[in-house]
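Chain residues, written in single-letter form:
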Amino acid sequence: GPVIPEGFTIPEGFTSAGENDQGYDEYTHEQTGIIFVLLPGGEFQMGSPDDEPDRYGDEGPVHPVTLSPFLIAKYECTQAQWEAVMGAQPWEGQENVQSNPSHPAVYISWEDVQGFVVRLNDAAGEEIYRLPTEAEWEYATRAGSETRFWSGDAEPDLARVGWYDSNSAIDRIRQTHPVGGSPANPW
């Protein structure tokens, strides 16, 4: 069975879904079907070096960060999941978006997400849902790598593992794509 780190408790409403291909325990949120991965805590170097290409000024300095174990969603929130909780389709009629239950929910503001979290917490009867911190997000996406992207330093390394502005076009129109269709990082 799953190995839960000492001091960490899996919240009510989650069911073990076994291990992912990388060996990390996964849990399914029963109400929404959102799959979460339990990541171990650890220390990593957060931020990007001053000489990294396309770096924004607020992405440094590089500094050590230590995190406790945490659950993080395996995929972006899908349109189906958003609609099940919020009863709305903010992407409807927007450019470059296919209305598809397996595509990411888009055209959603930070305030909209706070409403999503409140509804999940209200249904759970306790405050267990939140967005990941910036450090948790970077830790999860870096997956132990020290390169610009978890897959390497160059743009072709990014293109082979994810969708972004330059490679997401279908018939020359940038589009969303189903979540989970790109290779997973090592975590």
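Structure first, text after, so check above.
Below is a short write-up of the structure. Computed from a predicted model, the values in this text were never measured in an experiment. (Residues numbered from 1 in each chain as written. Predicted model: local features only at pLDDT ≥ 70, side-chain atom pairs only at ≥ 80, totals over all residues. Heavy atoms only, no water.)

## Quick notes on the environment of Tyr 27
In step 1: Along the chain, Tyr 27 falls in strand 2 (residues 25-29).
In step 2: C-alpha separation for the pair Tyr 27 and Leu 38, spaced 11 residues apart in sequence, amounts to 7.7 Å. (Helix = DSSP H or I, 4+ residues; strand = E, 2+ residues; numbered from the N terminus.)

## Overview of the nonpolar core
In step 1: Of all hydrophobic cores here, the largest spans 19 residues; its most connected members are Ile 10, Phe 14, Trp 82, Trp 91 and Phe 116.
In step 2: Residue contributions to this core peak at four residues, all from helix 2 (residues 110-124).
In step 3: Setting aside residues up to four positions removed in sequence, Trp 91 forms contacts with Gln 79, Trp 82, Val 97, Ser 99, Ala 105, Val 106 and Tyr 107.
In step 4: Core analysis: the second largest hydrophobic core is formed by 13 residues, Leu 39, Ala 135, Tyr 139 and Trp 187 among them. (Core = buried A, V, L, I, M, F, W, Y, C linked by side-chain atoms within 4.5 Å. Buried < 20%, exposed > 50% of the residue type's maximum accessible area, 1.4 Å probe, protein only. Contact = heavy atoms within 4.5 Å.)

## Regarding the environment of Thr 176
In step 1: In this structure, Thr 176 sits in the segment after strand 8 (173-174).
In step 2: Judged by its relative accessible area of 13%, Thr 176 is buried.
In step 3: Separated by 72 residues in the primary sequence, Thr 176 and Pro 104 have C-alpha atoms spaced 7.1 Å apart.
In step 4: Discounting residues that sit within four places of it in the chain, Thr 176 has contacts with Asn 96, Val 97, Gln 98, His 103, Pro 104 and Val 106.

## Observations regarding the sheet that holds strand 2
In step 1: Pairing is antiparallel in the open sheet, where four strands are placed in the order 1-2-3-6. A single partner strand is all that each edge strand has here, and the edge strands are strand 1 (14-19) and strand 6 (70-73). Recorded for the sheet is a direction-independent mean angle of 35° between the axes of neighbouring strands.
In step 2: Of the pairings in the sheet, the one linking strand 1 to strand 2 comprises four bridges and is antiparallel in character. Counted as the bridge partner of Phe 14 is His 29 from strand 2. (Pairing = 2+ DSSP bridges. Axes fitted to C-alpha atoms, helices over the stretch in contact; angles between N-to-C directions.)

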